[in-house]
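# Coordinate analysis (summary)
Next come the chains, spelled out residue by residue.
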Amino acid sequence: MPRYALLVEYDGRPFSGWQRQADRPSVQGAIEDALARLETRAHTIAAAGRTDAGVHARGQVAHCDMDRDWHPFRLSEALNYHLKPAPVAIRAAALVADDWHARFSAIERRYLFRLLMRRAPATLEAGQVWRVNHRLDVDAMREGAAHLLGTHDFTTFRSTICQAKSPVKTMDEITVTETHGPAGPEVQFFLRARSFLHNQVRSIVGTLERVGAGAWEPGDVAAALAARDRAACGPVCPPGGLALVGVGYDDDPFPEV
């Protein structure tokens, strides 16, 4: 059975998350249903990251096993045809080795969170950003974020229902940038690590927003981390501003995408 890597983009708003659920729409379920239209049987795919309800992706990676040989371009085109009208697109497909795995072969995940600073409600950007009605101190947020770089016990910044065996993770990068987006001034948070805990990114961004708003000092982030206590975390921000933008592999299946 040839194995294919799929580069997937989706709007997370209509879905209960990536993972297939019996009674709720999921991104995994939508793709598996499309695969069943191509080869009539039950399909099970695996992804690099299980995004939560309302979280988007521009660079999710999954893999599927097919019964027959497909040209990768034809496979992506056929899947996109059968995915309509769901807001899911297969940006590319690539033939990979039989033992290649979208999750276990990954060496890093990259997330982007967009925060819009304006008083007026977001309309065209609704569901794609977290809007706050006040300006934020970007330098203070950068100072707070620096305390989270490196290897730490991130118990404070993970969900109480997180199923990871260990709360210890290595944060390779947190870049905080102010930019002018299509709807106004934004703060964008780019986070890179081999793997993340459940709700870790949203917990970090929600905490850093409190620093930017002046409710926390940058050093309070270090104290919260050291507490190893979920109660010490700042608010968990909404999912709409978050997107999985890329997954890294030693041998990238999509080097030109």
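So, a few notes on the structure that sits alongside this text.

The rules behind the values
- Residues numbered from 1 in each chain as written.
- Predicted model: local features only at pLDDT ≥ 70, side-chain atom pairs only at ≥ 80, totals over all residues.
- Heavy atoms only, no water.
- Salt bridge = Lys/Arg side-chain N within 4 Å of Asp/Glu carboxyl O.
- Buried < 20%, exposed > 50% of the residue type's maximum accessible area, 1.4 Å probe, protein only.
- Helix = DSSP H or I, 4+ residues; strand = E, 2+ residues; numbered from the N terminus.
- Core = buried A, V, L, I, M, F, W, Y, C linked by side-chain atoms within 4.5 Å.
- Contact = heavy atoms within 4.5 Å.
- Axes fitted to C-alpha atoms, helices over the stretch in contact; angles between N-to-C directions.
- Parallel < 35°, antiparallel > 145°, perpendicular 65-115°, else oblique.
- Left-handed = near helix turned anticlockwise from the far one by under 90°.
- Nonpolar A, V, L, I, M, F, W, Y, C, P; charged D, E, K, R; others polar.
- Pairing = 2+ DSSP bridges.
- Expected span 1.5 Å × (residues − 1).

Attention now moves to the pattern of salt bridges. Within this structure, the stated rule accounts for 15 salt bridges. Salt-bridge contacts for R110 lead to E108; the nearest nitrogen and oxygen are separated by 2.6 Å. For R110, a relative accessible area of 23% corresponds to the partly exposed category. In this structure, R228 and D153 form a salt bridge, with 3.9 Å as the shortest nitrogen-oxygen distance. Here R228 is found in the loop between α5 (218-227) and β10 (242-249), whereas its partner D153 is found in strand β7 (residues 150-153), with 75 residues between them in sequence. Taking the relative accessible area as the measure of exposure, D153 reaches 18% and is therefore buried.

The next subject is the nonpolar core. Grouped together as the largest cluster of nonpolar side chains are 77 residues, with contacts concentrated most on L6, I31, V61, L75, L115, V187 and F189. In this view, I31 contacts L6, V8, W18, I45, L83, V88 and I90; residues no more than four positions away in its chain are not counted.

Looking now at unusual backbone geometry. The linkage connecting K84 with the following residue, P85, adopts the cis geometry, with an omega of 5°. Structurally, the position occupied by P85 is in the loop between α2 (72-83) and β4 (88-96). Although it is not a glycine, R228 sits at a positive phi angle of roughly 50°.

Contact geometry for helix α1 (residues 27-38) and α2: axes closest at 9 Å, N-to-C directions at 115°. The orientation of α1 with respect to α2, classified from their angle, is roughly perpendicular. For α1 against α2, the interelement crossing comes out right-handed. Of the residues in α2, those touching α1 at A30, I31, A34, L35, R37 and L38 are L75, A78, L79, H82 and L83. Class assignment for the residues of the contact of α1 with α2 results in 9 nonpolar, 1 polar and 1 charged.

Right, let's get into the packing of helix α3 (residues 138-146) against helix α4 (residues 200-212). Closest axis-to-axis distance for the α3/α4 pair is 8 Å, and the angle between their directions is 135°. Compared by their axis directions, α3 and α4 come out oblique. Relative to α4, the crossing made by α3 is right-handed. Across the interface between the two elements, A140, M141, G144 and A145 from α3 touch L208, E209, V211 and G212 from α4. Classifying every residue of the contact of α3 with α4 by side-chain character gives 5 nonpolar, 2 polar and 1 charged.

Time to look at the pairing of strand β9 (residues 184-193). Looking along a regular strand, one sees side chains alternate from face to face of the sheet. Of all 10 residues in β9, 7 are buried; the element is thus mostly enclosed. Here strand β8 (residues 168-181) pairs with β9 via 10 bridges, running antiparallel. Paired with G181 across the strands is G184, a residue of β9. Joining the antiparallel neighbours β8 and β9 is a turn of 2 residues.

As a further point, take α1. Across its 12 residues, α1 extends 17 Å between first and last C-alpha, which sits within 8% of the 16 Å expected from 1.5 Å per residue. Most of α1 sits out of view: 9 of its 12 residues are buried. Restricting attention to buried positions, one finds in α1 the residues V27, Q28, G29, A30, I31, E32, A34, L35 and L38. Looking at the buried positions of α1, the neighbouring elements they touch are β1 (3-10), β3 (56-65), α2 and β4.

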